[in-house]
Amino acid sequence: MRHTETVILNELSAPIVLAPMAGGPSTPELTAAVSAAGGLGLLAAGYLTSTDTAARLAATRELTTAPFGINLFTPGPATAPEGFADYLAELGRTHEVGTPKYDTDEWDAKLELLVDAPVAVVTFTFGCPSTAEVDRLHAVGSEVWVTVTSAAEARIAVEAGADVLIAQGAEAGGHRATFIDRVADDATDPLSLLALLQILGATVERPIVATGGITTGAGIAAALAAGAAAVQLGTVFLRSPEAGTNAVHRAALGADTPTMLTRAFTGRRARGLRNRFMDEHSATAPVAYPEIHYATAPLRAAARAAGNPDEVNMWAGQTHALAPELPAGELVRTLAAEAKTALTTALSRRIQSC
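Residues numbered from 1 in each chain as written. Predicted model: local features only at pLDDT ≥ 70, side-chain atom pairs only at ≥ 80, totals over all residues. Heavy atoms only, no water.

**Structural notes on the pairing of strand S3 (residues 68-73)**
- Most of S3 sits inside the fold, with six of its six residues counted as buried.
- In S3, alternate side chains face the same way, and those of Phe68, Ile70 and Leu72 on one face and Gly69, Asn71 and Phe73 on the other are all buried.
- Bridge count between strand S2 (residues 41-44) and S3: four bridges; the pairing is parallel. Across the sheet, Gly41 pairs through a bridge with Phe68, a residue of S3.
- Crossover S2 to S3 through helix H2 (residues 50-63) is right-handed.
- Of the strand pairs in this sheet, S3 and strand S4 (residues 121-125) are connected by five bridges, and their pairing is parallel. From the neighbouring strand, Phe73 faces S4, where its bridge partner is Thr125. (Buried < 20%, exposed > 50% of the residue type's maximum accessible area, 1.4 Å probe, protein only. Helix = DSSP H or I, 4+ residues; strand = E, 2+ residues; numbered from the N terminus. Pairing = 2+ DSSP bridges. Right-handed = clockwise from strand over helix to strand, strands pointing away.)

Quick look at the structure:
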């Protein structure tokens, strides 16, 4: 195993990492703006071809000389058609349904691209790369970060040679990063961020980046106080002008709409703004990712075109109502300053002896 003693987190002027929001919000402009402001921008490669990924990497390099990273989806197993046939028939009675398909999101081609054109950091979601794959990225100077939701996943990532762990709490918007998505696990409460930070801090020796439900400087300060080396923020950037957030999603943010976990749109558990489609189909949605993601693509596209928020996925964390509408660079600087103030204020309070 190899572990980088000096990670890029130590070089950031702001302990803020941009979450890689695949499917639209992630853009080279957003990635570059966060890195240029002293944080670490992450570019999402999920759902992109390797050719499009290369183009976005090149565009980001044109926009900033600051270090940035990229996120890959670790492929999981295919689902047999009988596992989702009933669900597609249910959707087909009222919606246009596309063709379900399985793919690996061009995993091998994207890894080859990142070996040939390295970036500072490569992060992984939905699983952990093999030790050999981690070693290939280390050999070209890239750090490897793995997103985890439990101590068991963290131990797997450490064993594979991960340099940093991204601890995703239950509050986080978008897909749950669990290595294996199982309906049987739904009865068990997913760990909140604060609980997960404490558990990982006591069980593994790696720098930890905290993510989930953080939209304020006080939230950043809390995560740092709980042992995180930095925080990864996504929802708070969705309203930034550099983000590629679609109009329906952008308009829905900031309201006091509750969020919920669902597999209805993609076949994998994800947190988004609650709407009618989620209410009607979450109970019957199977574990079948990415097959359901592709099958629901036409109905989601139609809803976006019609400005209909009830039939489109609008991924968001639990504190989305606090997200401001600010340029990304200004937001990084504002949040960093607020976090510093919050930490100073907390330290100034007297803790009386028991």
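**Points about the pattern of salt bridges**
- Inspection of every chain in the model, using the stated rule, returns eleven salt bridges.
- Notably, a salt bridge pairs Arg263 with Asp181, separated by 3.0 Å at the nearest N-O pair. Here Arg263, found in the loop between strand S10 (259-262) and strand S11 (270-273), pairs with Asp181, found in the loop between strand S7 (174-175) and helix H7 (193-203); they are 82 residues apart in sequence, far enough to count as distant. With respect to class, Arg263 is no different from Asp181; both count as buried. (Salt bridge = Lys/Arg side-chain N within 4 Å of Asp/Glu carboxyl O.)

**Some words on the packing of aromatic side chains**
- Counted according to the given criterion, the structure contains six aromatic pairs.
- Geometrically, the ring pair formed by Phe265 and Phe277 is stacked, given 4.7 Å between the ring centres and 20° between the ring planes. With Phe265 in the loop between S10 and S11 and Phe277 in helix H10 (residues 276-281), this pair connects stretches of sequence that are twelve residues apart.
- What makes Phe265 buried here is its relative accessible area of 0%.
- Put simply, the rings of Tyr47, Phe73, Phe126 and Tyr289 touch in pairs and so form one group of aromatic residues.
- The cationic tip of Lys101 hangs over the ring face of Tyr294; the distance from NZ or CZ to the ring centre is 4.6 Å. (Phe/Tyr/Trp six-rings, centres within 6.5 Å; stacked < 30°, edge-to-face > 60°. Lys NZ or Arg CZ within 6 Å of the ring centre and 35° of its normal.)

**With respect to the environment of Thr216**
- Checked against the element boundaries, Thr216 lands in the loop between strand S8 (208-211) and helix H8 (217-225).
- Put simply, Thr216 and Thr262 are 46 residues apart on the chain and 26 Å apart in space, counted from C-alpha to C-alpha.
- A polar atom in the side chain of Thr216 sits 3.0 Å from the backbone nitrogen of Gly219. (Polar contact = N/O pair within 3.5 Å; in protein donor to acceptor, adjacent residues only side chain to side chain.)

**Describing the sheet that holds S7**
- Across the sheet, which stays open at both edges, the three strands sit in the order S7-S11-S10 with antiparallel pairing between neighbours. Lying at the two open borders of the sheet, with one neighbouring strand each, are S7 and S10.
- Here two bridges tie S7 to S11, and the two strands are oriented antiparallel to one another. The residue bridging His175 from the neighbouring strand is Ala270, located in S11.

**Considering the nonpolar core**
- One finds Leu200, Leu233 and Phe237 to be the most contacted residues of the largest nonpolar core, which totals 69 residues.
- If one sorts the elements of this core by residue count, helix H13 (residues 328-348) sits on top with six residues.
- With near-sequence residues (within four places) excluded, Leu233 lies in contact with Ile16, Val17, Leu18, Ala19, Ile214, Ile220 and Leu335.
- Counting 16 residues, the second-largest nonpolar core is a separate cluster that includes Tyr87, Leu91, Phe265 and Trp315. (Core = buried A, V, L, I, M, F, W, Y, C linked by side-chain atoms within 4.5 Å. Contact = heavy atoms within 4.5 Å.)

**Structural notes on helix H6 (residues 151-160)**
- Where H6 is concerned, the buried positions are Ala151, Glu153, Ala154, Ala157, Val158 and Ala160.
- Here the buried face of H6 lies against helix H5 (131-139), strand S5 (143-148), strand S6 (164-168) and H7.
- Immediately downstream of H6, the backbone of Gly161 shows phi near 105°, a positive value.

**With respect to unusual backbone geometry**
- In this chain, Tyr289 is followed by Pro290 through a cis amide linkage whose omega measures 10°.
- Tracing the backbone through its elements, the reader meets Pro290 in the loop between H10 and helix H11 (291-295).
- For Asp105, which is not glycine, the phi torsion reads 60° and is therefore positive.
- Here Asp105 lies in the loop between helix H3 (85-92) and helix H4 (107-116).
- Note on Asp105: relative accessible area 11%, which makes it buried.

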